[in-house]
Amino acid sequence: DLAIIGKGLIGAAAARHASLISTPSPPNSTIPSSPPPSLHNICLVGPDEKPRNKWTEKDDIFSSHYDEGRITRRTDPDPIWSQLASASIDRYNDIYKQSGIDFYKPVGHLAVASPQSSDSLFKRRINALDQGVPYRDLDADELTVLYPHLKFAPGSTAILEDSGAGYISPRSLLKAQVEAAKALGCCQIIPHVASRVDNNVSDDGEASFVVTLSNGEVISAKRILVCTGAFCDARPLLPDGNGGHFELDLLRYTAQTIHFHVSEKDATDLLERGMPSIIYRGDKSEWAYVLPPIQYPDGSWRVKLGGSRVDRYNNEEQFDKYRTPGTRSLPTHEHVVKWFRSAGNSKDFDEMKEMLQAMLPGIQPVKVTSDACATCKTSSGRPYIGQLCDGLFVAVGGCGLAAKSSDEIGRLAAFAALSDTGWGLDESLGEELFTPRLK
């Protein structure tokens, strides 16, 4: 048995892949072949999303997938993140076919850099060429001609990736992964918070684990895969076998976005002009990512931006190497919960509002709102995927990059957890790239 704790994007992906490799005749898929595993009973543990207006004082487990837009792209300055993304994008259609849920819009992706920040584009080109990812270079004039409604710093150049890049709905991707796992018949969904995990030894001497749920029920599992992201230390979930618990070297930071609620007319105009998803690197610490108009469940059309113009938090000493400009560290679970409830910082809200208005000067929002979530970074800059001790595995630390790549991260984790060696057979990426680090 395998209990996957954390029903976010990585945990749900792991559940689908664990179900796939536990099914005698899996549907057509682009995942690597694997020998039949000895584990067949799988459960995915985690609460359903609760609307913000129904949060109570007792609620302290949230998620960053409570949204409709995340950029997806193959080009990346880091070759490993590029490979994780490519493998995931290649399977988006599999997930859609298995679930019937649409979550992916290949509207293209535009990486833009001012002259001072052009090094980020150079690294993308190198990795794209090495991995055979098609792209198009745009000089300053071509950028203006193709996207006259978008404004960037003078002299900015860009890379246009229009073969499969765009954006995904993290909400819908999660639903699709869960429905696909359920359809395979090997996965039970348990909609409760896992309160703790403890070691257990049965009468026959076989080691296993006991998962206590928030409703008081108990699950026994031979193996545990923890995928709880920024909430990894919210509960004692990583028993070390000696009465204590493992502490992962994870660094959590604030993330804030603003939403321009736009008229349907403005949304239609931007979409008809072919607005792609955008990542922008300006001078000094300025950066932003922008999503084209997306219709949200409440019927509103929104253009979303996250980013920073002035790094007003650069006096922090701890974890400064890993901090994205404009974000702040969240050292404890209490800090994470307070930040999620805050909906963001008012000064950052004003700054990001000015940034988006400057990038889209022809748009007048009917309303502007803010949202807050958290990123979970690792000291390696790549996700932690692997075994902590016999039977106990983790897949955490998305580093603010994991939504688009979550299917491959979940697959690597599922293959590792169901293997006899702690890592899947014949993987193109070695386990040493993702080795979990402890404090």
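The rules behind the values
Residues numbered from 1 in each chain as written. Predicted model: local features only at pLDDT ≥ 70, side-chain atom pairs only at ≥ 80, totals over all residues. Heavy atoms only, no water. Helix = DSSP H or I, 4+ residues; strand = E, 2+ residues; numbered from the N terminus. Buried < 20%, exposed > 50% of the residue type's maximum accessible area, 1.4 Å probe, protein only. Contact = heavy atoms within 4.5 Å. Areas by Shrake-Rupley, 256 points an atom, 1.4 Å probe, with all protein chains shown as cover. Lys, Arg positive; Asp, Glu negative; His and termini not counted. Charge placed at Lys NZ, Arg CZ, Asp CG, Glu CD. Expected span 1.5 Å × (residues − 1). Arc of directions from axis to C-beta. Salt bridge = Lys/Arg side-chain N within 4 Å of Asp/Glu carboxyl O. Pairing = 2+ DSSP bridges. Phe/Tyr/Trp six-rings, centres within 6.5 Å; stacked < 30°, edge-to-face > 60°. Lys NZ or Arg CZ within 6 Å of the ring centre and 35° of its normal. Core = buried A, V, L, I, M, F, W, Y, C linked by side-chain atoms within 4.5 Å.

Draft legend 1. Here's a closer look at the overall build of the protein chain. Each helix and strand in the protein chain was counted, giving ten helices and 20 strands. Dimensions of the protein chain, computed from C-alpha atoms along their principal axes, come out at roughly 70 × 45 × 40 Å. When burial is assessed residue by residue, the protein chain has 56% of its 439 residues classed as buried. Intrachain contacts of the protein chain at a sequence separation of at least 6 include 73% that bridge at least 24 residues. Of the roughly 18900 Å² of accessible surface on the protein chain, a fraction of 49% belongs to carbon and sulfur atoms. Both charge centroids of the protein chain, one from 47 positive and one from 56 negative side chains, sit 5 Å from each other.

Draft legend 2. Helix α9 (residues 346–359), seen in detail. Under the 1.5 Å per step criterion, the end-to-end length of α9 is 20 Å for 14 residues, consistent within 8% with the ideal 20 Å. For α9, the set of buried residues is Asp 348, Glu 351, Met 352, Met 355, Leu 356 and Met 359. Projected onto a plane normal to the axis of α9, the buried residues spread over an arc of 130° and lie on a single side. In α9, the exposed positions that point more than 90 degrees away from the buried face belong to Ser 346 and Lys 347. Residues of α9 that are buried in the fold lie against β14 (250–262), β15 (277–281), β16 (287–295) and β17 (301–308).

Draft legend 3. Layout of the environment of Glu 431. Within the element layout of this structure, Glu 431 appears in the segment after α10 (406–417). For Glu 431, the residues in contact, after removing those within four places along its chain, are Gly 422 and Trp 423.

Draft legend 4. Geometry of the pattern of salt bridges. If you walk through the whole model with that rule in mind, you get 26 salt bridges. In this structure, the salt-bridge partner of Asp 76 is Arg 73, at a minimum N-O distance of 2.8 Å. Judged by its relative accessible area of 5%, Asp 76 is buried. When its relative accessible area of 6% is taken as the criterion, Arg 73 is described as buried. Between Glu 427 and Arg 411 there is a salt bridge, and its shortest N-O distance comes to 2.7 Å. With Glu 427 in the segment after α10 and Arg 411 in helix α10, this residue pair connects regions lying 16 residues apart in the sequence. No difference in accessibility class separates Glu 427 from Arg 411, as the two residues are buried. It is possible to trace a salt-bridge network through shared partners that takes in Arg 16, Arg 91, Asp 407, Glu 408, Arg 411 and Glu 427.

Draft legend 5. Unusual backbone geometry, seen in detail. The phi dihedral of Ala 343 is positive, around 65°, even though this residue is not glycine. With respect to the secondary-structure elements, Ala 343 resides in the loop between α8 (333–342) and α9. Not every positive phi belongs to a glycine, and Cys 399 is a case in point at roughly 60°. One can find Cys 399 in the loop between β20 (392–396) and α10. Residue Cys 399 is classed as buried on the basis of its relative accessible area of 10%.

Draft legend 6. Spatial organisation of the sheet that holds strand β3 (residues 70–72). On the basis of which strands lie adjacent, the open sheet formed by three strands has the order β3-β8-β4 and antiparallel pairing. The open sheet terminates on both sides in strands that have one partner only, identified here as β3 and β4 (104–105). Where β3 meets strand β8 (residues 166–168), three bridges bridge the pair, whose relative direction is antiparallel. When the bridges of β8 are listed, Ile 71 appears paired with Tyr 167.

Draft legend 7. The arrangement of the packing of aromatic side chains in detail. Scanning all chains against the criterion turns up nine aromatic pairs. Both rings, one in Phe 62 and one in Phe 340, keep their centres 5.6 Å apart while their planes meet at 25°; by these two values the pair is stacked. Linking Phe 62 in the loop between β2 (42–45) and β3 with Phe 340 in helix α8, this pair joins segments that are 278 residues apart in sequence. For the ring pair Trp 423 and Phe 434, a centre distance of 6.1 Å and an interplane angle of 20° mean the geometry is stacked. With Trp 423 in the segment after α10 and Phe 434 in the segment after α10, this residue pair connects regions lying eleven residues apart in the sequence. The class of Phe 434 is buried, set by a relative accessible area of 0%. Three or more aromatic residues link up through ring pairs in this structure, and these residues are Trp 55, Phe 62, Phe 231 and Phe 340. Taking NZ or CZ as reference, Arg 411 lies 5.0 Å from the ring centre of Phe 415, over its face.

Draft legend 8. Seen up close, the nonpolar core. Residues Ile 4, Leu 84, Leu 225 and Phe 434 are the most contacted members of the largest nonpolar core, which totals 45 residues. When residues of this core are traced back to their parent elements, those giving at least two are β1 (2–5), α1 (9–20), β2, α2 (79–89), α3 (92–99), α6 (170–183), β20 and α10. Element by element, the count of residues in this core is highest for α10, at seven residues. Beyond its immediate sequence surroundings of up to four residues, Leu 84 is in contact with Pro 383, Ser 405, Glu 408, Ile 409, Leu 412, Leu 429 and Phe 434. Judged by nonpolar contacts, the second largest core, of 41 residues, contains Ile 5, Trp 55, Leu 330 and Val 394.

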